[in-house]
Each structure stands twice: as C-alpha cells, then as structure tokens.
Amino acid sequence: MAAWLVRRVAASIAIVLAVVTLTFVLVHLAPGTPFLPPPETPADPAVTARLRAQFHLDEPIPVQYIAYLGQLARGNLGLSFALRRPVADALAEAVPNTLLLAGAALLLDFLLGLALGVYQALRVHRLPDIILGNATLFIYSFPTFWLGLILVLVFGEWLRWFPVAGVGDPVLCPAADSLRCVIDRLWHLTLPALTLGLVGAAGTARFQRAAMLEVAGQDYIRTARAKGARERRVVLRHQLRNALLSFITRFGLAFPFLLTGAVLIETIFAWPGMGRLATDAILRRDYPVVTAAALLASTLVVLGNLLADVLLAVADPRLRVPAHA
Amino acid sequence: MLGAMRATFLLLIAVATLASCERPGGCTGAYCGTLVFVSPGEPDILLPPVSQQVSTRDIGDQIFLKLADIGPSTNTIGDEDFQPQLAERWEWDGPTTLVFHVDPRARWHDGQPVTAADVAFTFDAYNDPAVASPFRNALRRVASVTARDSATAVVRFRERYPEMFFDAVYHMRILPAHLLRGVPRDQWKTAAFGRQPVGDGPYRFVSWHAGQSLELQADSTFFLGRPAIRRLIWRFTPNVPVAVTQLVAGEGDALEYLGTPDNVSRVRAAQQMTLYPYRGSSYGYLGFNLTVNGDTTQPHPIFGDRQVRRALTMAVDRARLLTSVFGDLAKVPPGPMSQLWWIWDPEIRQLPFDTVQAARVLASHGWRDSDHDGIRDRAGQRLSFHVLVPSTSGVRKQYARLLQEQFRTVGVQMEIDEVEPSVFQERAGAGRFDAALFGWTTDPSPSSGLVQLWSRSGFGGSNFLRYDNATYDQLVERATGGVLTREQARTTWRRAIETINDDAPAIFLFAPDGVAAIHSRVADVNVRPDSWWALVRTWRIPPDRLIDRDRVER
C-alpha cells in the first residue's frame, strides 16, 4: 500500500508539473497581449513596452519559463500584471471565498442528494419516489445560472429575504470579525450555495437512487435478509455501503471544484472567488495568475483522484492492493 | 426527512431575519450618511500616476487633490473656467510660466503639510520613464515644475498653447513626497502605498477588501470644508447588470453609468432611485483600415479608395441604428467626438444617408453585382470585408449585426469576427484587420484624442486606421498650438473634423448619453460628466432622510 501510494504521489507531481508547463507555454503563445489600458482607452506603446520590460516579457519564453520554475521552487508565484500585487496574496483572498461557496454547495449536494436518493430507493415506484423523481429531474434540467437568476429575482429583488450579491455587507461587516459578521457571511452565502447545491443534489439523488436499486437485487442482500438481519441493518450495512462506491468516485471528481469555483455563479452573485479570478486573468492575459490557477486546479484534480482511490480502498476491501503488489 | 427539510428552511429564515436586522447606531444630524457605490470595476492600485482605471480615478478623486480642477463647463481653453483645489490661487509670470500658490491649510492625512515640493516631486514622478505613467505623454509640453518656496510651485511650458493650464492641472494628482520618495520608481506599479494610500483630499482611506469593497471616511478637518457624507463605500461587481440588480434590491446607492435602455428601465422602476443624465464621454465608430490587412505599406483594396468609403458611409442609416440599440439614450456624433467635448456641434458638415447615391458611386467605381449573387464585385473580387468586434461589448456586437444587414441591402458583404478584447487590441495595433468597431472614452480635451487617433503622429500608436491627411494635421496643429481664442479654436477644430468627415475613414455611429442612478435621499447631487463623483464632498443627506445604514457606527 505504501509503495503504491509513493508511486501515485510521484506520478501526481509529474502530472502537475506537466500541466503547469503546458499552461505557461500556451498562455504565452495565445493571441492577445497583457498590459492593456482599460476598455475604450488608447494604449501608449511606450508605456506598454516599459511594462513588458519591467515584467521580463521581452525575454524569450524558455528564459521566462526557467525563471518561473526558479521562483516556484522558492514558493513565489510571481506578481500579477493586472492586479499589481503578488499572485499569492490574490489567491489567499479568493481561495477561502471559493472554498466556502463550493464547500457549502457540495455539502448540500451530497447530503441532500444522498438522503433523497436513499429515500426514493426505499420507496421505489411509490408516490414519494415518483414525485421526487420528477422534481429532481426538473431541477436537474435547470441551467445553474438560470436558477441563480430566478433565486436573485424572487428572494433578492422581490421578497428581499436574502442579499443578491457579495460575500458580506460592506457597511456593517466588511470583514468577518465578529459572530454577527459570521452570520452575515452565511446569510450572503445562502442564495449562491443553494443555486449550486440544489442542481447538484438533484443529480446526486438520481445517481444514488439508481445505485441503491442496483445493489438491492444482489445475492448478498437477499442472503442478509434470509439470515434474519433487521431491515435497518440490511439497508445501512449492506445496501448503502455497497451503493456508496460510485458515490465516492463522484465525490473525488467533484473535489477540484472546491477550488476552481463556478464562474457563472460567482459572476451572478458578485462572489470574489477563484473562478472569477481565473477568468478575468485569462481575458486580461495575466500570465502569472493563469498559471497559478492551473497549478492549483491540477493539484486539486490529482489530489481528488488520489483521495477517491484511498476512500474506495477503505470502503471496498476487494480494491485494496495486496502487500506484494 | 420532511422534518429535516422544514428545520433547515426555518434555520435559513432565522439566519436571514437575524442578519437583516441592521443595528442602527447613534449617528444623527448633518454629518452622518453612508453612500454605497456599486462599481463594475475595481482599482488595480490606488496610486494615480500608474493607473488608468476609471475606478482608480473615481476613488482617487476623493483621496488626492489636483492643483485646480475643471469647472462645470468642461472648457479646457485658458484658465477662467477652472476652480481652485490644492492651489488657493495662481498667476501667469510671462507667456509660458505659471505660478501656483499652495493653500497653507492643506494637510496630508498623516498630518504633514502639503508643500510646493510635493508638487515638484509629483511632476517628476509622472514624467519619470521608470514609473511608466500612462499620463506622461499628456505632460510632454510641460518643461519643468519647481518649488520656489514651500508654498509656491512654478510650472514652465515648452511653448505657448491654448490648453496650457488644463495640462498643468488636470492629469496630475499631487502625491506625498515624504511617503513616496523612498520607493524605487520602477516598483511604483506594485507599491504597497497603492493599497493603503495617504492623500490630502476630503476622504481618507480606511480599508480595501479585494474583490469585495473599499471604504473611505470623511476628513472632518478638510481645509475646503467638511464633507457632509461620512462614509463612502465602493462595492465591486463583475458587470453593470449585476450592479443594477444591487441598486434595485436596495444594496447600493449609486452607479455612475447605466448604459443600456434595459438597465435604465429597471432602475427607473425602483422607487428609491433617482436618475441623473449628463453628457457622455464616449463615442463609437466603424473604422476602415486604409492599408492592407497585415501590411501597413500598401493601400487597402477596398478602403484605400476614398469614394468607396464615402459610399459605404452614405449607405448606413445611423439614426435608425442608434434608435435600435440605445433608444433615446445616445446621439449620432457629428464626427469623432464625445458629447463631453466643448467643440460638440451637430451642425458640423457630415455625409448624408443616401443609399441611391451610395449605390451610384459604387457602380461608377466598377463595383457591380456581375454574377447576381447579391454581392457587388469588381475584376473577380467581391465587395466583402471582415469587421473586428470585441466579444465583451454588447453594444458593438449589436451594431455589427445591424450594420451587416444595412450593408447587405447595397450589395456589400460584412463578416463579423468577435474576438477577446486583448486580441482586438493586438490585431488593431498590428493593422491585422479590414474594419473594426471601435469605442473610445475621452477626457474633456479634444486635443489628445484627435491627435492620437487621427493624425500622422498617431502612426504606431492609436491611429490604427492609418488615416493620413496633411490638411487635417495642419488644422490640428493650429488648434492645439499658438494663441487662439476659444472661438478661433472652435472654428479650427470644426474644419479639422469636417476634413475627416469628407474623407470618411470611419462611420461615426454613437455618442451615448450618460445616466447615473443615485439614491433619492441624497441632496445637492452634482454629477460631473468627466469624473462623476468628483463633487461628492458637496453632496449631503438631510437628517430627516437618513436610513439605517447612514446611522451605523462601526
């Protein structure tokens, strides 16, 4: 197991390095130029040339790449061209916002989705299953941004129950430095997390219902019942545990979303997270931020896969690698 | 299961109720008030010489002072329409020397006095190539700025011209030398000062939460008068529609530019908001590349012909396009100009909308539909071209589609290439386009825009179309140099613009009106068209109109 883990970690590092290299080269070769003036403002070529020199963009790409790797080895992600500050500072502000939003959305997605899926499977083809099946299909068909706009319109503009944008009230709580301001953050989190979480939960519920039903017909379930095991034990110990394998795989795939964020939802709710940071950086050809975002995202994808594999091995002993392997 | 869902819902309602109960503080009277600006842009850095962002200017207007500022007329000729700011007065010492007397009451927010040495230091910084200031070019005709004594700054110009005073005061916000002298000039673009600035204006910096908000607090000792509104907060949003949603939902108090008729309608329906129209500072046009796509040494096979350009211009019904896109929220510009400029004059000579004449000219130049496919051709070449459009501009994308249709009716094919702004800028700069839909925002002076975009000196810079007319260049030189009265300058500019209109290097399509939205509780509102929030320090919220957020103490 340890040797397998070491091999997987080494491969993961190689994958991350490859992604960073590819991103670095592609973003430098892509058409478009950094240091643009604001929209509808003429550029001064002398200023642009000066800035290119100050940020070493006038050097060949291989030279820039080697310098970048040197910086990276020292833990320095560079300076953002557009934000005029260290990339690490920008990430340090965006990452927690994205973690909060995506974490809450994933929690809602998996807990609600899992519960609904199990509930439906236990009442298969009965009225609750039919109603929930149609409801989840209906919600799952929504484009996420559209649901976001509807929630903003109804709960933000019309009813004014929840704020329509931002991570907090800048008048009362520009920072989450008191209990009241933490509650204010949760209040602001409600609509964007619901938007992302509800659509996800609808998908998870359908997925989990199918997995539960597939397992329900297996011999070991019949055996457990024949042995006189109580229904609760059959469902939780035998049916749900086996149906969780595909759920764990899904969780592993969803893990990178924790940091890459949801661009459209972050835009609709003016949520300053990684998705918006990366998209703005791409549009403005802010190379250091784009490369750092790719570094983070690829690390998360690799970690997510690793985590899923480990969890699968824990959940299903058959998948554990023999000691001699 | 349903019980758990009900409990979750109730918990959400409880959180909403608790969080929505604002805690009114004790502030009452004439000096309370919190204004929340919703801003579709965020400053990159709050150090005026190194940033061209509109939001940097808006916020910088509150933190840093100029020596003097432009008046409501936005007249840039002479000095009579300018108002004192940091300089309590000024006088001319000969034709090219201007002497400013710094107000002795002026103080930096750290308590240090503002001196003439700060003024000299500021000019030196703006003019230092290491700072890479985008405003350096605007100061090219200022020879030097020196401190005669602690309260007297002397500005010397290289030559005499009508906008000397404008150049001396408009572009520079005076900086604290004692705080910036130690910062290497080539590091100003990322200086820590720019994220925690110390200024001399009516508001002092409090905090900046990147991507979220920025707060300023009124300086109660401000020497030109205590601002009546106590707190200014900028909430940053990704775009105008989201900003409008925040206004409508009551989460913001002011937005400088609503843009489209849809946004204006949404805000008009919100009872708590008032709309303030002002002269817009931008204009847009379809520009023709006069040289070959990708080769600036050869004339363009279609647009190199002046008569063809004139015919294409006459084929476009600009008034109808304008109504389709902007409703009544814009005007057809009489040339390359925004409504902000004092030379704006609808009577300037322009080519008429006349499709019959356009078709006749095209046919007389050999462009006929010989193969009856609906598109004119000549010697095997179709009258077809590509137009570059930035994918982020909804207005210009709409215009592209409407133009495509209008050109089709006279047998001209226009293909639309939507590209990212950075690609648009790169291709325009390299001359790799046939035609492009440009939009420009201008400062109050016609000089810089008309020189950079349309004269020969703009080659390699912003004269992307490579428009070249010696008569125009001479007229511009006369309008921007020498000694002219305002009326003489106006006449000269008019002739210059008519020269461009006659040559038709572009079809001038729209000059939007500005419409700002501000909460109705705010009184004495004055929106300056060139810098919307420049006069916020004179606005007030009467005590009987205060709402909860005005009273909040933190």
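Computed from a prediction, not measured in an experiment: that's the story for all the values here. (Residues numbered from 1 in each chain as written. Chains lettered and ligands numbered in written order. Predicted model: local features only at pLDDT ≥ 70, side-chain atom pairs only at ≥ 80, totals over all residues.)

(A) Main features of the overall build of chain B. Within chain B one finds 16 helices and 23 strands. Compactness check: chain B gives a C-alpha radius of gyration of 26 Å against a globular reference of 24 Å for 554 residues, within 12% of the reference. A buried classification covers 51% of the 554 residues belonging to chain B. Nonlocal contacts in chain B, meaning residues at least 24 apart in sequence, comprise 68% of its contacts between residues at least 6 apart. (Helix = DSSP H or I, 4+ residues; strand = E, 2+ residues; numbered from the N terminus. Rg over C-alpha atoms; globule rule 2.2 N^0.38 Å. Buried ≥ 20, exposed ≤ 12 C-beta atoms within 10 Å, placed from the backbone. Contact = placed C-beta atoms within 7 Å.)

(B) The arrangement of the overall build of chain A in detail. Counting its secondary structure elements, chain A contains 13 helices and zero strands. Moving toward the C terminus, one meets the helices and strands of chain A in the order α-α-α-α-α-α-α-α-α-α-α-α-α. With respect to the three principal axes, the spread of C-alpha positions in chain A is 85 × 65 × 40 Å. Across the 325 residues of chain A, 40% fall into the buried class.

(C) Region of the structure containing helix α15 (residues 486-503) of chain B. Residue and element names in this part refer to chain B. Between its first and last C-alpha atoms α15 spans 26 Å; for 18 residues at 1.5 Å apiece the expected length is 26 Å, and the two agree. Residues of α15 that are buried: Ala489, Thr492, Trp493, Ala496, Ile497, Thr499, Ile500 and Asn501. Tucked inside the fold, the buried residues of α15 contact α13 (446-454) and α14 (470-480). Trailing α15 by a residue or two, Ala504 shows a phi angle of about 50 degrees, which is positive. (Expected span 1.5 Å × (residues − 1).)

(D) Region of interest: the sheet that holds strand β4 (residues 87-92) of chain B. All names here are of chain B. With antiparallel pairing, four strands are arranged side by side in an open sheet as β4-β5-β7-β6. In this open sheet, the two strands that pair with only one neighbour each are β4 and β6 (142-149). Neighbour-to-neighbour, the strand axes of this sheet turn through a mean angle of 20 degrees, independent of strand direction. The sheet contact formed by β4 and strand β5 (residues 97-102) spans five bridges and is antiparallel. Opposite Ala87, over in β5, you have Val102 as the bridge partner. Against the sheet, helix α3 (residues 116-126) engages β5, β6 and β7 (152-157), with an angle of about 160 degrees to β6. (Pairing = 2+ DSSP bridges. Axes fitted to C-alpha atoms, helices over the stretch in contact; angles between N-to-C directions.)

(E) Focus on helix α8 (residues 306-314) of chain B. Among all positions in α8(B), only B:Val308, B:Arg309, B:Ala311, B:Leu312, B:Thr313 and B:Met314 are buried. Of the surrounding secondary structure, the elements contacted by the buried residues of α8(B) are β13 (282-288), α10 (355-364) and β22 (506-512) of chain B.

(F) Highlighting the nonpolar core. Judged by nonpolar contacts, the single largest core of 196 residues is most densely connected at B:Val119 and B:Val387. Of the residues forming this core, the biggest block, 12 residues, is contributed by helix α7 (residues 179-216) of chain A. Excluding its chain neighbours within four sequence positions, the residues that come into contact with B:Val387 are B:Leu286, B:Ala400, B:Met414, B:Ile416, B:Asp417, B:Asp434, B:Ala435, B:Ala436 and B:Leu437. Judged by nonpolar contacts, the second largest core, of 32 residues, contains A:Val20, A:Tyr68, A:Ala292 and A:Leu296. (Core = buried A, V, L, I, M, F, W, Y, C linked by C-beta atoms within 7 Å.)

(G) The interface of chain B and chain A, seen in detail. Chain B puts 58 residues into the contact, and the matching count from chain A is 56 residues. Split into classes, the residues belonging to the side of chain B that touches chain A amount to 23 nonpolar, 24 polar and 11 charged. (Nonpolar A, V, L, I, M, F, W, Y, C, P; charged D, E, K, R; others polar.)

(H) Spotlight on the domain arrangement of chain B. Per the domain assignment, the segments making up chain B are domain 1 (30-43 + 201-273 + 514-554), domain 2 (65-180) and domain 3 (282-512). Here the residues of the side of domain 2 of chain B that touches domain 3 of chain B sort into six nonpolar, four polar and three charged. (Domains from an automatic or database assignment.)

(I) Region of interest: the sheet that holds β22(B). Residue and element names in this part refer to chain B. Overall, mixed pairing links the six strands, which are arranged β16-β22-β13-β21-β19-β20 in an open sheet. Of all strands in the sheet, those with a lone pairing partner are β16 (330-331) and β20 (413-419), marking the two edges. Strand direction decides the pairing type here: β16 and β22, joined by two bridges, are antiparallel. When the bridges of β22 are listed, Lys331 appears paired with Ala511. Across the sheet, helix α9 (residues 318-326) is in contact with β16 and β22; its angle to β22 comes to roughly 40 degrees.

(J) Main features of the packing of helix α4 (residues 87-122) of chain A against α7(A). Residues and elements named next belong to chain A. Contact geometry of α4 with α7 gives a least axis separation of 5 Å together with a crossing angle of 35 degrees. The two elements α4 and α7 cross, and the hand of that crossing is right-handed. When its residues are assigned to classes, the contact of α4 with α7 shows 21 nonpolar, eight polar and two charged. (Left-handed = near helix turned anticlockwise from the far one by under 90°.)

(K) Region of the structure containing the environment of B:Ala116. Along the chain, B:Ala116 falls in helix α3. The contact partners of B:Ala116, leaving out residues within four places of it in the chain, are B:Val102, B:Ala147, B:Arg148, B:Asp149, B:Ser150, B:Ala151, B:Thr152 and B:Ala153.

(L) Geometry of the pairing of β7(B). Residue and element names in this part refer to chain B. Where β5 meets β7, five bridges bridge the pair, whose relative direction is antiparallel. Bridge assignment links Phe100 to a residue of β7, and that residue is Ala153. Pairing of β6 with β7 involves six bridges; the strand directions are antiparallel. By the bridge assignment for β7, Val142 is matched with Phe157.

(M) Looking closely at the environment of B:Pro95. For B:Pro95, the position within the fold is in the loop between β4 and β5. Once the C-alpha coordinates of B:Pro95 and B:Ser364 are considered, the two residues, 269 residues apart in sequence, prove to be 54 Å apart.

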